[in-house]
Amino acid sequence: MIFNSVLTIDGILPSKLGLGVFRNTQRPILSSTVDNTVTIPGMHGAYDFGATMGPKQFELECAFIEKNHMELQRRASALAVFLLDGDGRPRTMDIVFSNSPDRKYSVRYVGSLNIDRISGLGTFKLPFTAFDPFAYSKQDTTELLTWDTDHTWQDDFAWGDIYEFGFQGSETVQINNFGTLNVEPLIIVTGSFSYLSLTIGGVDFKYNTAFNGTLEINYKRKTVKSGTQNVLQNTNAKFGKLPPGTSDLIVNGTNLNISVDVIFNAKYAA
């Protein structure tokens, strides 16, 4: 028997849970689509307004192999505790598959969990759902080149890639989004300026007043903060996306004396 279809669940090896996860585990290429269409009486077909991706469902083929039925029950009880939080609600955790050790899905237990028991053997299907159906790199851009990284020389990012820059004037630098989908980064700007413009994916983000300190510009949440203070009103509230591959980050402004950190986890279709 081979128990290596899943590398870790919530950072824990399945073997630490006494769990075998077989190769016939169901891992879909893509989740089901959520189609936005409108049908009109008397008209053939439908108007297609595009689609989004629904949650992605995983079904892990699992087994406990123990000495007797009491040890089996102990393992089953420990798994139940592992899947729930302190209030007894299914908790969200990361799952990493063995054939993609550099990326993770965020999942939680969804459905029902029955077990077939024969003495110390228990077999069952463990259902997980990723409500965000996409995979993300385990390391973000602040962690890529640590010695314990799971990335290898064959991965899509280059070992010379830089995501932290200093600017004392207008300049264009290159950012490598090494995933396969657009990402919306967190950008940390530290220092001072009278006016600042950041262009990502052809979209100009502008900060229109003088500033000295640290700005957190969250492109995904569409927020701009200085510490705990919301300073979105000082901007034009336009946020771009980093496309896959290498693209430009264009920095313009006046009286620039800043460092810029571009932070993201690469995003993958599967």
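Criteria and thresholds
Residue indices begin from 1 for each chain and proceed along its sequence in written order. Whole-chain, interface and lining totals are the exception, using all residues; otherwise, since this is a predicted model, local features are given only for residues with pLDDT of at least 70 and side-chain atom pairs are given and counted only at 80 or more. To obtain the side-chain values, all non-hydrogen atoms of the structure were used and water was disregarded. Strands are runs of DSSP state E lasting at least 2 residues, helices are runs of H or I lasting at least 4, and numbering of each runs from the N terminus. As a reference, a globule follows 2.2 Å times the number of residues to the power 0.38, and the radius of gyration itself is taken over C-alpha atoms. The buried label goes to any residue with under 20% of its type's maximum accessible area, the exposed label to any with over 50%, and the partly exposed label to all in between, with areas taken from a 1.4 Å probe on protein chains only. Any two residues whose heavy atoms approach within 4.5 Å are treated as being in contact. To measure how exposed things are, a 1.4 Å probe is used in the Shrake-Rupley method; for residues, cover is taken only from the protein chains shown. Note that His is not counted, nor are the chain ends; the positive residues are Lys and Arg, and the negative ones are Asp and Glu. Lys charges are placed at NZ, Arg charges at CZ, Asp charges at CG and Glu charges at CD. Here, expected helix span is obtained from the residue count minus one, scaled by 1.5 Å. Here, the arc refers to the directions that run from the helix axis to the C-beta atoms. Pairs of N or O atoms within 3.5 Å make up the polar contacts considered here, provided that, within protein, one atom can donate a hydrogen while the other can accept it, and that residues adjacent in sequence are counted only when both atoms are side-chain atoms. The rule for a salt bridge is simple: a side-chain nitrogen of Lys or Arg has to be within 4 Å of a carboxyl oxygen of Asp or Glu. For the purposes of this section, nonpolar cores are sets of buried Ala, Val, Leu, Ile, Met, Phe, Trp, Tyr and Cys residues that join through side-chain atoms within 4.5 Å. Paired strands are those between which DSSP finds at least two bridges. Only the contacting stretch of a helix is used when fitting its axis, a line to C-alpha atoms as for every element, and angles between N-to-C directions run 0 to 180 degrees. The criterion for an aromatic pair is that two Phe, Tyr or Trp rings (for Trp, the six-membered ring) have centres within 6.5 Å, with stacked assigned to planes under 30 degrees apart, edge-to-face to planes over 60 apart and tilted to the rest. Any Lys NZ or Arg CZ that is within 6 Å of a ring centre and within 35 degrees of that ring's normal is treated as a charge sitting over the ring.

A. Representation of the overall build of the protein within the structure. Scanning the protein from N- to C-terminus turns up one helix and 21 strands. For the protein, whose C-alpha radius of gyration is 24 Å, the value lies well above the compact-globule estimate of 18 Å for 270 residues. Principal-axis analysis of the C-alpha atoms places the extent of the protein at approximately 75 × 65 × 40 Å. The proportion of buried residues among the 270 residues of the protein is 39%. Taking contacts inside the protein between residues at least 6 apart in sequence as the whole, the part at least 24 apart equals 63%. Accessible surface computed for the protein: about 14900 Å², of which carbon and sulfur atoms make up 51%. One way to put it: in the protein the 23 positive side-chain charges average out to a point 6 Å from where the 27 negative ones average out.

B. Inspection of helix H1 (residues 69–83) at higher detail. Taking 1.5 Å of rise per residue, the 15 residues of H1 would be expected to cover 21 Å, and the 21 Å separating its terminal C-alpha atoms lies within 8% of that figure. Considered for burial, the residues of H1 that qualify are Leu72, Ala76, Leu79, Phe82 and Leu83. Along H1, the residues classed as buried sweep out an arc of 120° about the axis, all on the same side. Exposed residues lying more than 90 degrees from the buried face of H1 are Met70 and Val81. Elements in contact with the buried residues of H1: strand S1 (6–9), strand S5 (56–65), strand S6 (93–97), strand S7 (103–109), strand S8 (115–118) and strand S9 (121–130). Capping of H1 at its N-terminal end is provided by asparagine 68; its side-chain oxygen lies 3.0 Å from the backbone amide nitrogen of methionine 70.

C. Main features of the pattern of salt bridges. As enumerated under the stated definition, the model contains eight salt bridges in all. Salt-bridge contacts for lysine 104 lead to aspartate 94; the nearest nitrogen and oxygen are separated by 3.7 Å. Of this pair, lysine 104 sits in strand S7 while aspartate 94 is found in strand S6, placing the two residues 10 residues apart along the sequence. Overall, the relative accessible area of 28% leaves aspartate 94 in the partly exposed class. When salt bridges that share partners are traced, they join Glu59, Glu61 and Lys125 into one network.

D. Geometry of the nonpolar core. One finds Leu60, Phe128, Val189, Leu198 and Ile217 to be the most contacted residues of the largest nonpolar core, which totals 56 residues. Discounting residues that sit within four places of it in the chain, valine 189 has contacts with Leu196, Leu198, Gly213, Thr214, Leu215, Ile217, Ile258, Ser259 and Val260.

E. Seen up close, the sheet that holds strand S14 (residues 195–200). Spatially, the four strands line up as an open sheet ordered S12-S19-S14-S15, and their pairing is antiparallel. Looking at strand neighbours, the two that pair on one side only are strand S12 (171–177) and strand S15 (203–207), the edges of this open sheet. Adjacent strand axes in the sheet meet at a mean angle of 20°, parallel and antiparallel pairs treated alike. Here seven bridges tie S12 to strand S19 (residues 245–254), and the two strands are oriented antiparallel to one another. Bridged to asparagine 176 within S19 is threonine 246.

F. Region of interest: the environment of asparagine 255. Relative to the helices and strands, asparagine 255 resides in the loop between S19 and strand S20 (257–263). Between the alpha carbons of asparagine 255 and glycine 213 there is a distance of 14 Å; along the sequence they are 42 residues apart. Within polar-contact distance, the side chain of asparagine 255 engages the side chain of serine 194 at 2.6 Å.

G. Representation of the side chain of threonine 129 within the structure. Structurally, threonine 129 can be placed in strand S9. By relative accessible area, which is 5% here, threonine 129 ends up buried. The contacts of threonine 129, once residues within four sequence positions are left out, are Pro55, Lys56, Gln57, Ser106, Val107, Arg108 and Val110.

H. Structural view of the packing of aromatic side chains. Under the counting rule described, the total for this entry stands at 13 aromatic pairs. Plain terms: the ring middles of phenylalanine 64 and phenylalanine 124 are 5.3 Å apart, the flat faces sit at 40° to each other, and that makes the pair tilted. Note that phenylalanine 64 is positioned in strand S5 and phenylalanine 124 in strand S9, a separation of 60 residues in sequence. Taking 5.6 Å as the distance between ring centres and 40° as the angle between the ring planes, the aromatic pair formed by phenylalanine 205 and phenylalanine 239 counts as tilted. Placement of the pair is phenylalanine 205 in strand S15 and phenylalanine 239 in the loop between strand S18 (229–230) and S19, with a sequence separation of 34 residues. Since its relative accessible area comes to 0%, phenylalanine 205 is described here as buried. Residue phenylalanine 239 is classed as buried on the basis of its relative accessible area of 14%. Among the aromatic residues, those joined into a cluster by ring pairs are Phe58, Phe97 and Tyr105. Sitting above the plane of the phenylalanine 82 ring, arginine 91 keeps its charged end 5.0 Å from the centroid. Over the ring of tyrosine 268 we find arginine 103; its NZ or CZ atom is 3.6 Å from the centre of that ring.

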